[in-house]
Amino acid sequence: MPKSAPPLDLLLLPTWLVPVEPAGVVFKAHGIGIRDGQIAFIGPREDALRRGAAEVRELPGCLLSPGLINAHGHAAMTLFRGLADDLPLMTWLHEHIWPAEGRWVDEAFVRDGTHLAIAEQLKGGITCFSDMYFFPKIASKCVHESGIRAQIAVPLLDFPIPGARNFDEALHLGVELFGDLRHHPRISVALGPHAPYTVNDEHLEKVRVIAEELDAPVHMHVHETAFEVQQSLEQYGERPLARLQRIGLLGPRLQAVHMTQVSDDDLALLVESNTSVVHCPESNLKLASGFCPVERLWQAGVNVAVGTDGAASNNDLDLLGETRTAALLAKAVAGSASALDAHRALRMATLNGARALGLEALTGSLELGKAADLVAFDLSGLAQQPIYDPVSQLIYASGRGCVKHVWVAGKQLLDERRLTRYDEQALHASACDWGRRIGAGLHE
């Protein structure tokens, strides 16, 4: 670098630097420099120290990677964590979750639940998440205040929901929010038709038209269960994915969440349309929804990201744990121990997530000019020793408790495992208060 290059704001010197792009690379004795919230330098430690920086942080025993990207969730549902466990999807939805939402979900619920979710995610190394829940404007304010990065998917259903009397009102509010946040540095807005079985053709056509006009992403539960596919065949004479193709919704803007049922024709549609799939293995397992064939999709060229789903069906927002589950499950489903190796699993939880959300030019990998969205994992513990491949130890031998530092756009949001913008005691008290109220209501 020329001597005239301006000094860095922050220089980080980890034991291992994993950029994710290029794939499979692990740098030792390297540093990464941040200036104005962006990655301004990546290179050998000696060169990094010669650059000069306002602050230098040594990170011994740490693996520094792009921040994790949780590509699907329902943030405020943290307040329903454990409310209706061990039930199949439709029973869980119709008899428990939807009635609870009808009674409890308001702006205060979304505000407190979203802040709780953001705090949990930051402590787990997540720097960006996709949220699909009611009162999206409130959720976006929480994201703005917290410093995290997010996609806010505006929920759209054929029937009234908290905050919108009908589909058209929800869509109008979504378009308005898209305009308000178009230039926000950390928040993007997507349209979120809930699922093929809750949104009719006429409304899906409206979503397609608006998404094309705004160039907005579309986030949707698709092929979550075999029952959903069978129901679509009976009602429409076609599988949900084929129906979305007929309407014109398949394409690089679509984020198809779950996809546990994938036929050869489905796979061809995903490949031809360049549609991304968001895999939520633990929610799928807990609700017995099925298995997404991740390795088959990956080998065919489909972009596969990973998400936690909501805390009411998981029951945590632990993307590192989710990624480990995804890697293990992929091997069993594919019948191959080589399926979804550790390095590809980390890529699925970072760059693939960014690509699914349309943010790959901004985040998801450690490259010059990208946002400094970073997580430092402490691999110095006994449970990680000895270390032959630090990425394997991260995926297979580590938990989210090893997350030590988190930066989003160069701002440190977790320092020595402590949140810098949240009062954890206040969050705890708020969650317990909601729990008492909702729990008492169960016995009325």
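Within each chain, residue numbers correspond to sequence positions counted from 1 in written order. It should be noted that, the model being predicted, local features are given only for residues of pLDDT at least 70 and side-chain atom pairs only at 80 or more, the latter also being counted only at that level, while totals for whole chains, interfaces and linings use all residues. In computing side-chain properties, one takes all heavy atoms of the structure into account and sets aside hydrogens as well as water.

The protein goes by 5-methylthioadenosine/S-adenosylhomocysteine deaminase in an unreviewed UniProt entry, where it is assigned to Pseudomonas brassicae. UniProt positions are given in the numbering used here, feature names are shortened, and annotations may be inferred rather than shown by experiment. Here the protein is described in UniProt, under the heading Function (unreviewed entry), as follows: "Catalyzes the deamination of 5-methylthioadenosine and S-adenosyl-L-homocysteine into 5-methylthioinosine and S-inosyl-L-homocysteine, respectively. Is also able to deaminate adenosine."

## Quick look at a nonpolar patch on the surface
A grouping of Leu 285, Phe 291 and Val 333 is seen on the molecular surface, where their side chains present a nonpolar patch of about 260 Å² in accessible area. Tracing the chain through its elements places Leu 285 in helix H10 (residues 281–286). Burial classes: relative accessible area under 20% of the type maximum marks a residue as buried, over 50% as exposed, and values in between as partly exposed (1.4 Å probe, protein chains only). Overall, Leu 285 belongs to the partly exposed group, its relative accessible area being 39%. The patches reported here contain residues having more than 30% relative accessible area and no salt bridge. Joining distances are 9 Å for like charges and 5 Å for nonpolar side chains (Val, Leu, Ile, Met, Phe, Trp, Tyr). Here the accessible surface of atoms and residues is derived via Shrake-Rupley with a 1.4 Å probe, and residues count as covered only by protein chains that are part of the display. Salt-bridge detection follows one rule: a side-chain nitrogen of Lys or Arg within 4 Å of a carboxyl oxygen of Asp or Glu. Labels follow the DSSP assignment, with helices taken as runs of H or I lasting at least four residues and strands as runs of E lasting at least two, numbered in each case from the N terminus.

## Looking at the nonpolar core
Among the nonpolar cores identified, the biggest contains 114 residues, and Phe 80, Phe 109 and Phe 377 are the most heavily contacted of them. The residues that make up this core include at least three from each of domain 1 (8–66 + 372–409) and domain 2 (68–357). Beyond its immediate stretch of four places on either side in the chain, Phe 109 contacts Ala 76, Leu 79, Phe 80, Trp 104, Tyr 133, Trp 434 and Ile 438. Nine residue types can take part in a nonpolar core, namely buried Ala, Val, Leu, Ile, Met, Phe, Trp, Tyr and Cys, and a core is a set of them joined through side-chain atoms within 4.5 Å. Counting 14 residues, the second-largest nonpolar core is a separate cluster that includes Leu 12, Cys 62, Leu 366 and Ala 372. Throughout the structure description, domain borders are defined by an automatic or database domain assignment. Note on contacts: a residue pair qualifies if any of its non-hydrogen atoms lie within 4.5 Å across the two residues.

## Observations regarding the environment of Gly 52
One can find Gly 52 in the loop between helix H1 (45–51) and strand S5 (53–66). The exposure class assigned to Gly 52 is partly exposed, which follows from its relative accessible area of 26%. For Gly 52, the residues in contact, after removing those within four places along its chain, are Pro 7 and Leu 8.

## Topic: the side chain of Glu 228
Note on placement: Glu 228 falls in helix H7 (residues 226–236). Counted as positive: Lys and Arg. Counted as negative: Asp and Glu. His and the chain ends are not counted at all. With no salt bridge to any partner, buried Glu 228 finds its closest opposite charge in Arg 243, at an N-O distance of 7.5 Å. Within the local environment of Glu 228, its side chain forms a polar contact with the backbone nitrogen of Glu 224, the two atoms lying 2.8 Å apart. Excluding its chain neighbours within four sequence positions, the residues that come into contact with Glu 228 are Pro 196, Tyr 197, Val 222, His 223 and Pro 240. N or O atoms within 3.5 Å of each other form a polar contact, as long as, within protein, one can give a hydrogen and the other can take it, and as long as residues adjacent in sequence are counted only when both atoms are side-chain atoms.

## Considerations on the pattern of salt bridges
Evaluation of the coordinates by the stated rule reveals 29 salt bridges. Between Lys 123 and Glu 424 there is a salt bridge, with the nearest N and O atoms lying 3.2 Å from each other. Pair noted here: Lys 123 is in helix H3 (residues 107–123) and Glu 424 is in helix H16 (residues 424–441), with a separation of 301 residues, a long-range link. By relative accessible area, Lys 123 is classed as partly exposed at 30%. A relative accessible area of 37% means that Glu 424 is categorised as partly exposed.

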